Every structure is written in C-alpha cells, then in structure tokens.
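Structural features, examined
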Amino acid sequence: MTSAHTDFSPIVWRGDSLSLLDQRKLPSEEVWIETSDYRAVVECIRNMSVRGAPAIGIAGAYGLALAAMELAQSCIGDFSDRLHAAAREIGRARPTGANLAWAVERMLSASASAQTTEEVVSDLASEAASIHREDVEGNRRIGDNGAKLIPWGSRALTHCNTGALATGGYGTALGIIRAAWAQNRLERVYATETRPLLQGARLTAWELLRDGIEANLVADSAAGALMRRGEVNAVLVGADRVASNGDVANKIGTYSLAALARDNGIPFYVAAPASTFDMGISSGDEIVIEERDESEILSYGGNRIAPSGMSAFNPAFDVTPNRYVTAIVSERGVARPPYRRSLAAMMEGANG
Ligand code: MRU
C-alpha cells in the first residue's frame, strides 16, 4: 500500500521566505522554522535542523535565492561580489555531502547570464524550485530502480534517515523501502538507532510509522547479531558523497554495517541521486569527513552521559570501500562493480 505521507517535504518555499521542519525536535514536537535570512538557513544546516545530503542541497539553494533577494534591496557594495560571498558561506555550511556544493554551483550557473538583479533573483528562485522538484522525481525513480533488487518476503536493514526528511521528499534508501513495501516485497524493516544523534530512532521511526511500514528499531550494536541470525536479507543505506571509484561516504557506522553484511553474505545497497556523485575525486580518501562537537557524544538532550573530564571524538561520517558495495542505485539506474566504469557510464552527460 502507498501512503499520502510519501509526498511530504521538510522544506517549503513561500516565495519570499523558507520554512524548514526542525528535525532536532522530532519526533516529540513538529516545529517549523520560517526565515527570509540566508544566514539563518546556513545555521539550520550547521545545527542540523535540516539534514540529509539532498535536503541540505535544496535548503542551500533556496538560501541563495533569499540572499539574492536581500542583496537586491541593499545599495552597499557590488551585488555580484556579495552574492558570490553568500554562495561561499552557504557552500561551507557542512563539508561532507556533495549535494550542497553541487546545488550552489548549479544556482550560480543558472543566474550567470541574467542582466539585472531582478532577473538574478527570479532565476535563482526558479532554479531552487527545479532542484527541489527534480530531487523528489529522482527519488521516485530510485525507489522503482531499487525495489526490483529486493526479493519477495525480504527483511531489510537501514541506517540513519534517508527518507522524505533527508531529501526534497520521498527518500533514497527509504524511498526504495517505500516502493518495495508498496509492492509487497518487504516483510519487515530494521532501523538502526544511529548514534549519536539518533536519526534512526527519531526520524526513520517517525517516517516508517506514518507510512504503516512494519518495522523494528534496533541498537546500532545489534546489527551483526541480527545478520548472523538470518534476520536480514538486504542492507539499504544512503550516501553523502560517492567517489568515482564507488567508495561511499555516509553516516558514521555505515562501514561497520557493510563489513558485517559481507561477512554474512548479505547484499549491501547504496541509494543516492546523481547530485551526490562526485566524479571529480578518484577515491573516498579524498572525502572531507565532518567532525562535530564532542558534546553530541558526551551528552544527550542536554543531559551529560559521560563523566565530566571525559573527552570524545565525533566523526559524523565514514567511508565504505567500494569492495563492500553490491550495487549503487540512482535515478539513472543501477551500477555494479567495477564502479569506475559503471559510474562513469551512469553519469555520462550528467551535470552532477
Ligand atoms: O548527519 P546527517 O543526518 O545529515 O547524515 C545523513 C546521512 O548520512 C544520510 O544517510 C545521507 O545524507 C543520505 S540522505 C538521503
């Protein structure tokens, strides 16, 4: 069965302002942040009110449209210089996901031939809406392409949140789960909690419940035991950046799941739109891994967990070597090893 909830988007453009569902507060509160200040959008990306590589790219694109609107009203300095400075500020908000820099680049190219500030503003607003719309359309195709890989009666394990909340709507790995569930291919989903910020427990669980998909939440550390007991037929994850050799940066813990899947003979699938592929880097070694504040590990919900005096190391992502990846699913199709060749063919003619 499909659900109306799959059309939900955490990002709503209102013509001269942007509404973002504050994902830090879910699932206990559904609070929308409304702003017309691009600096607030940058802050929402940094503090993860909006998160997930595609959603960050879309928010950044609308952020640049807001920056242009503000600059068009002001007489201080050169419009184009200041717009490019705002674009750099937005592009730096989080480093690992490819989609943010991709979206900013695409926005600047879309407005490059505009003759007036009014034209720049209108080109940027319509380009951001196109990026948003295309992401949702692409997710639907990822869902269709990926669902075919899921045998009837499967139990799938997923990590972090890759659903409507992490994208323009619908989702990537969770989009495949949605499509496979609608086709009755899936018996059950296991969602990992995803320490330290619990995107699985808070966000994926929220989406799965809204869609009525049969699911269990599991501790991250339970994944190996579940696989060993034969409870998992496929692992499905998203990506923040895919290198041209098929190495994949994704939420911390993904590499461990991939190695466990290999050890248990379980296929490990990565789902991502073309905007997440970075064909300019030859391997995952070139991916900048964001390190976040140690308080995310030492405390939860404002309550200190670790004894005072303890310090923490908090990489937000890891890199899964291509040898563990069974297939990479995008809106353009399904790539299999050797990835240098299959991804190059998949991305031929793409602007990503
Ligand atoms: O730190 P987050 O919550 O932004 O990390 C999100 C992930 O790692 C997702 O798996 C990835 O962005 C793909 S979302 C479609």
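Residues numbered from 1 in each chain as written. Predicted model: local features only at pLDDT ≥ 70, side-chain atom pairs only at ≥ 80, totals over all residues. Heavy atoms only, no water.

**Quick notes on the sheet that holds strand β10 (residues 268-271)**
Condition: At least two DSSP bridges between two strands are required for those strands to pair. A helix here means a DSSP run of H or I that spans at least four residues, while a strand means a run of E at least two residues long, and both kinds are numbered starting from the N terminus. Each axis is a line fitted through C-alpha atoms, taken for helices only over the stretch in contact, and angles between the N-to-C directions span 0 to 180 degrees.
Pairing is mixed across the open sheet formed by seven strands, whose spatial order is β6-β5-β4-β7-β10-β15-β16. Of all the strands in the sheet, just β6 (215-218) and β16 (333-335) have a single pairing partner and so form its edges. Neighbouring strand axes in the sheet, compared pairwise and without regard to direction, differ in orientation by 25° on average. Sheet topology places strand β7 (residues 234-237) next to β10; three bridges connect them, and they run parallel. Along β10, the bridge assignment pairs L236 with Y269.

**Let's talk about unusual backbone geometry**
What counts here: When a residue's accessible area, from a 1.4 Å probe over protein chains only, is under 20% of the maximum for its type it is buried; when over 50% it is exposed; and in between it is partly exposed.
The linkage connecting L26 with the following residue, P27, adopts the cis geometry, with an omega of 5°. Structurally, P27 can be placed in the loop between β2 (18-21) and β3 (32-35). With omega at 5°, the peptide bond leading from R195 into P196 counts as cis. Mapped onto the elements, P196 comes out in the loop between β5 (186-192) and α7 (199-211). A positive phi is found at C160, a non-glycine position, where the angle reads about 60°. Here C160 lies in the loop between β4 (154-158) and α6 (173-182). According to the relative accessible area criterion, C160 is buried, its value standing at 7%. Backbone geometry at L198 places phi at a positive 60°, although glycine is not the residue there. In this fold, L198 is placed in the loop between β5 and α7. According to the relative accessible area criterion, L198 is buried, its value standing at 15%.

**With respect to the packing of aromatic side chains**
Given two aromatic rings, their pairing is described by the distance between the two centres and the angle made by the two planes. Just so we agree on the cut-off: Any two of the Phe, Tyr and Trp rings considered here, Trp counted by its six-membered ring, make a pair once their centres fall within 6.5 Å; the pair's planes then place it as stacked at under 30 degrees, edge-to-face at over 60, or tilted in between. Either the NZ atom of lysine or the CZ atom of arginine qualifies as a charge over a ring when it sits within 6 Å of the ring centre and within 35 degrees of the ring normal.
Tallied over the full model, the rule gives three aromatic pairs. For the pair Y255 and Y324, a centre-to-centre distance of 6.1 Å together with 50° between the ring planes defines the contact as tilted. Here Y324 lies in the loop between β14 (317-320) and β15 (327-330) and Y255 lies in helix α9 (residues 254-263), a separation of 69 residues in the sequence. Looking at Y255, the relative accessible area reads 36%, which means it is partly exposed. When the ring centre of F8 is taken as origin, the NZ or CZ atom of R210, which lies over that ring, is 4.8 Å away.

**Brief notes about the pattern of salt bridges**
For the record, the criterion: What counts as a salt bridge is simple: a side-chain nitrogen of Lys or Arg found within 4 Å of a carboxyl oxygen of Asp or Glu.
One pass over the structure, following the stated rule, counts 18 salt bridges. In this structure, R39 engages D37 in a salt bridge whose closest nitrogen and oxygen atoms are separated by 2.7 Å. Overall, the relative accessible area of 36% leaves R39 in the partly exposed class. A salt bridge links D278 to R241; the shortest N-O distance between them is 2.6 Å. With a gap of 37 residues between them, D278 in strand β11 (residues 277-278) and R241 in strand β8 (residues 241-243) connect regions that are remote in the sequence. The network of salt bridges with common partners includes R94, E290, R292 and E296.

**Looking at the site of the ligand**
Going by this rule: Any residue with a heavy atom positioned within 4 Å of a molecule or strand is treated as near that molecule or strand. For the purposes of these results, a polar contact is taken to be a pair of N or O atoms within 3.5 Å, where, inside protein, one atom must be able to donate a hydrogen and its partner to accept one; residues adjacent in sequence count only when each atom of the pair is a side-chain atom. Computed by Shrake-Rupley with a 1.4 Å probe, the accessible areas treat only the displayed protein chains as cover when residues are assessed. Domain segmentation is taken from an automatic or database assignment of domains.
Contacts to the ligand come from 18 residues, most closely from R51, R94, D240, N250 and K251. Taking A53, its main chain carries an N or O atom lying 2.9 Å from an oxygen atom of the ligand. Look at the ligand: alone it shows 410 Å² of surface, and the protein chains cover 99% of it. Of all elements in the fold, only α2 (53-73) and β9 (248-251) reach the threshold of two or more residues within the shell around the ligand. Two domains each put at least three residues into the shell around the ligand: domain 1 (11-139) and domain 2 (144-347).

Without other data, these values stay purely geometric and don't point to any function.
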